[in-house]
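So you can see what is in the structure, the chains are spelled out below.
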Amino acid sequence: MNPERLLLARIGAETFAFPLAEVFEVIDATEVTPLALLPAGVAGQSVYRDRLLPVIDGGLLLGVPRSAPKGVLLLIEVEGDRALLWADDVVDRVTVDPHRYRAVPAGGGG
């Protein structure tokens, strides 16, 4: 297998790797507007370049509480739709052999 380029982001005390090809931009977290009746893991919405996008709380999604009050938003694409993933911070960008990392265990977040 070919090496994969990953973006390392911190959520709480954990570090998670996201394929760099799926992260389009990292921005400082702006105001997140909570909305009623959202699915689990969705914190609300935020304006990004004059467009409202859903904000997915990485801590809720992955079962790890976020520790930074503001943090960063990762612009990602989910099933053809763009969304913002809320994390505490970006740690690094690395290239790794796919055999050297593991998937998020089942049973974390929703």
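Everything below is about the structure printed above this text.
Cut-offs used in this document
- Position numbers for residues count from 1 along each chain, tracking the sequence in the order it is written.
- In keeping with the predicted nature of the model, local features appear solely for residues at pLDDT of at least 70, side-chain atom pairs appear and are counted solely at 80 or more, and the whole-chain, interface and lining totals rest on all residues.
- With hydrogens and water stripped out, all remaining heavy atoms of the structure feed into the side-chain values.
- Only runs of H or I of at least four residues qualify as helices and only runs of E of at least two qualify as strands under DSSP, and these elements are numbered from the N terminus.
- In this description, contact between two residues means that some pair of their heavy atoms is separated by no more than 4.5 Å.
- Relative accessible area decides the class of each residue, using a 1.4 Å probe on protein chains only: under 20% of the type maximum gives buried, over 50% gives exposed, and in between gives partly exposed.
- Here, a salt bridge means any side-chain nitrogen of Lys or Arg that lies within 4 Å of a carboxyl oxygen of Asp or Glu.
- For this analysis, a ring pair means two rings from Phe, Tyr or Trp (six-membered ring only for Trp) whose centres lie within 6.5 Å, classed as stacked if their planes differ by under 30 degrees, edge-to-face if by over 60, and tilted for the remaining angles.
- Geometrically, a lysine NZ or arginine CZ counts as sitting over a ring once it is within 6 Å of the ring centre and also within 35 degrees of the ring normal.
- Residues belong to a common nonpolar core when they are buried Ala, Val, Leu, Ile, Met, Phe, Trp, Tyr or Cys residues joined through side-chain atoms within 4.5 Å.
- For two strands to be treated as a pair, DSSP must find no fewer than two bridges joining them.
- Only the contacting stretch of a helix is used when fitting its axis, a line to C-alpha atoms as for every element, and angles between N-to-C directions run 0 to 180 degrees.

Novice: If you had to explain the environment of Arg 93 to someone new, which residues and values would you point to?
Specialist: One can find Arg 93 in strand 8 (residues 89-96). For the pair Arg 93 and Leu 8, spaced 85 residues apart in the sequence, the C-alpha separation amounts to 6.0 Å. Ignoring sequence-local partners within four residues, the contact set of Arg 93 consists of Arg 5, Leu 6 and Leu 20.

Novice: Explain the side chain of Asp 88 to me, using residue names and the numbers behind them.
Specialist: When you line up the elements, Asp 88 lands in the loop between strand 7 (81-87) and strand 8. Assessed through its relative accessible area of 4%, Asp 88 is described here as buried. Dropping the residues within four chain positions of it, Asp 88 is found in contact with Arg 10, Ile 11, Gly 12, Arg 66, Ser 67, Ala 68, Gly 71 and Val 72.

Novice: Quick one: what's the story with the pattern of salt bridges, residue by residue and with numbers?
Specialist: As enumerated under the stated definition, the model contains four salt bridges in all. Here Asp 88 makes a salt bridge to Arg 10, at a shortest N to O gap of 3.6 Å. One end of the pair, Asp 88, is in the loop between strand 7 and strand 8; the other, Arg 10, is in strand 1 (residues 4-11), and 78 residues separate them in sequence. A salt bridge links Glu 25 to Arg 49, with the nearest nitrogen and oxygen atoms 3.1 Å apart. Here Glu 25, found in strand 3 (residues 23-28), pairs with Arg 49, found in the loop between strand 4 (42-48) and strand 5 (51-57); they are 24 residues apart in sequence, far enough to count as distant.

Novice: Quick one: what's the story with the packing of aromatic side chains, residue by residue and with numbers?
Specialist: Summed over the entire model, instances satisfying the criterion amount to zero aromatic pairs. Residue placement shows Arg 66 over the ring face of Trp 86; its charged tip is 3.7 Å from the ring centre. Positioned above the aromatic ring of Phe 24, the side-chain terminus of Arg 82 is 4.0 Å from the ring centre.

Novice: Could you give an account of the nonpolar core, naming the residues involved and the relevant values?
Specialist: Formed by 15 residues in total, the largest nonpolar core has its most connected members in Ile 11, Phe 16, Phe 18, Val 23, Leu 74 and Leu 85. The set of elements that each furnish at least two residues to this core consists of strand 1, strand 2 (14-19), strand 6 (72-78) and strand 7. Sequence-distant contacts of Phe 18, that is, excluding residues within four places in its chain, are made with Arg 5, Leu 6, Leu 7, Ala 9, Val 23, Leu 74 and Leu 85.

Novice: Describe the sheet that holds strand 8, listing the residues and the values that go with them.
Specialist: Here we have three strands laid out as an open sheet, ordered 2-1-8, and antiparallel in their pairing. At either end of the open sheet lies a strand with only one pairing partner, and these are strand 2 and strand 8. Averaged over all neighbouring strand pairs, the angle between strand axes comes to 30 degrees, with direction disregarded. As paired strands, strand 1 and strand 8 are joined by seven bridges and run antiparallel to one another. Note that in strand 8 the partner of Leu 7 across the bridge is Arg 93.

By themselves, these are just geometric observations and shouldn't be taken as functional.
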